[in-house]
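# Fold and geometry: a report
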Amino acid sequence: MSLFSVRMRSSREEQGTPVHISGAERIVAETDLERVAATFVQRAMQHKNGTPDFVNLSIERVCPEEIMSLEALPIQTCDVEDVEEGHRAAHHLLCEAGVSSESANFAIALLKAGPAPGGRVMRGAVLLDAEQPIRMEPDPHRGVRVSKLDWEPSVLESWCNGIGHLGIARPRVWEAIAIASKVTAQPEVIAELCWSDDQSYITGYVASQQFGYVRVTHLKPLGSLIGGRVFFIRAGTDIQSLISRLEKQPALVDRLPTRPY
Ligand code: PML
Ligand code: MG
Ligand code: MG
Ligand code: MG
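Residues numbered from 1 in each chain as written. Chains lettered and ligands numbered in written order. Predicted model: local features only at pLDDT ≥ 70, side-chain atom pairs only at ≥ 80, totals over all residues. Heavy atoms only, no water.

## Structural notes on a nonpolar patch on the surface
Going by this rule: Within this analysis, patches are made of residues with over 30% relative accessible area and no salt bridge. Like charges are joined at 9 Å or less; nonpolar side chains (Val, Leu, Ile, Met, Phe, Trp, Tyr) at 5 Å or less. Per-residue accessibility takes into account occlusion by the displayed protein chains alone, with areas from the Shrake-Rupley method and a 1.4 Å probe. Criterion for a salt bridge: a side-chain nitrogen of Lys or Arg within 4 Å of a carboxyl oxygen of Asp or Glu. Each helix is a run of H or I in the DSSP string that is no shorter than four residues. Each strand is a run of E no shorter than two, and both are numbered from the N terminus.
A cluster of nonpolar side chains, Val41, Met45, Val55 and Leu57, forms an exposed patch at the surface whose accessible area comes to about 290 Å². Going through the elements one at a time, α1 (33–45) and β3 (54–62) are the ones with two or more residues in the nonpolar patch. Mapped onto the elements, Val55 comes out in strand β3.

In structure tokens form, the structure reads like this:
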């Protein structure tokens, strides 16, 4: 069976600069290509953050032997009252995972202000040194876009059935878990911090192999278009090698967490 990586990203031009609106990723069988491509076009055109004037849809064959097998991170939820408490919780979780207090604070401030130059959102993630607050991604406009990943369909189905009672069996959550599972599986990555750039969505997460995917229920004010991802990396990391795996190595979540959710 042939597998294909299908990717979409959309943007609109503002004062001569393309501003990221949305993106999506799947790895699918050839027989599913047309259907998935159509849902991505629909998703791009109907995004809550606005109508794009540029949509890039790409389809690329994936070599099954190259696929990295991933275990889904287990989920926990940290309920907080407001943004301030959410940021304190995220800071605490990051420090427990091995990130320095300075780097954690820097990342939170960066996602609050908009990580790209001019306080804009980035298409990809920031790479931040976990010890000192130094950005390592080569292009701060673009960042590092985690790519070529998906869930194995039967594993996703079991996952949805298993966490049904939590009410979070939705694409936004399982796509974020796939990203966090691929990112934290890299030995150079200690943790990830994320909150959405979608103005209607305020829950974000801190992910690490140590604690799993910890949802923090309030990380930004409702109505804010600013969000993104920060990956905290070990000092001395070979940045090009890490970026190449995150962006190019196909990966499938094909195992449920061995620990309970
Ligand atoms: C996004 O929408 O871009 C990221 C969503 C992160 C949080 C998902 C969740 O509710 O667990
Ligand atoms: Mg989004
Ligand atoms: Mg996004
Ligand atoms: Mg790791």
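## Section: helix α4 (residues 153–162)
Threshold: With a 1.4 Å probe rolled over the protein chains alone, any residue whose accessible area is under 20% of its type maximum counts as buried; one over 50% counts as exposed, and the rest are partly exposed. As used here, the arc belongs to the directions running from the helix axis to the C-beta atoms. Here, two residues are considered to be in contact whenever any of their heavy atoms come within 4.5 Å of each other.
Taken together, the buried positions of α4 are Val155, Leu156, Trp159 and Cys160. On an axial view of α4, the arc spanned by its buried residues comes to 140°, and they lie on one face. Facing away from the buried surface of α4 by more than 90 degrees, the exposed residues are Glu157 and Asn161. On the buried face of α4, the contacting elements are β5 (75–78), β7 (149–151), α5 (171–184) and β12 (251–255).

## As for the sheet that holds strand β2 (residues 17–29)
To be explicit about the condition: For two strands to be treated as a pair, DSSP must find at least two bridges joining them. Where helices are involved, their axes are fitted lines through C-alpha atoms of the stretch in contact, as for all axes, and angles between N-to-C directions lie from 0 to 180°.
With antiparallel pairing, three strands are arranged side by side in an open sheet as β2-β1-β3. The open sheet has two free edges, formed respectively by β2 and β3, since each of these has just one partner strand. On average, each strand axis in the sheet is inclined to that of its neighbour by 15°, with strand direction left out of account. As paired strands, strand β1 (residues 3–14) and β3 are joined by nine bridges and run antiparallel to one another. Paired with Leu3 across the two strands is Val62, which belongs to β3. Here α1 sits on the sheet in contact with β1, β2 and β3, set at roughly 160° to β2.

## What to know about the domain arrangement of the protein chain
This is how it is decided: Annotation comment: domain bounds sourced from an automatic or database domain assignment. Reported buried area values correspond to the accessible surface (1.4 Å probe) lost by two parts on association, with both partners' losses combined.
Assigned domains of the protein chain: these are domain 1 (3–66) and domain 2 (68–255). Domain 1 and domain 2 are separated by 20 Å when their C-alpha centres are compared. Taken together, the contact pairs 23 residues of domain 1 with 21 residues of domain 2. Taking both sides of the interface into account, the surface hidden between domain 1 and domain 2 amounts to around 1,900 Å²; carbon and sulfur atoms contribute 44%. The largest contributions to the domain 1 side of the interface with domain 2 come from His20, Glu25 and Ile27, which together make up 31% of the buried area.

## Points about the environment of Arg142
To keep things clear, this is the line we draw: In protein, a polar contact requires one atom able to donate a hydrogen and another able to accept it; more generally it is a pair of N or O atoms within 3.5 Å, and residues adjacent in sequence count only if both atoms are side-chain atoms.
Within the secondary structure, Arg142 sits in the loop between β6 (126–129) and β7. Remark: the alpha-carbon pair of Arg142 and Val126, spanning 16 residues in sequence, is separated by 8.9 Å. With near-sequence residues (within four places) excluded, Arg142 lies in contact with Met122, Arg123, Gly124 and Glu247. At 3.0 Å, the side chain of Arg142 and the side chain of Glu247 are in polar contact.

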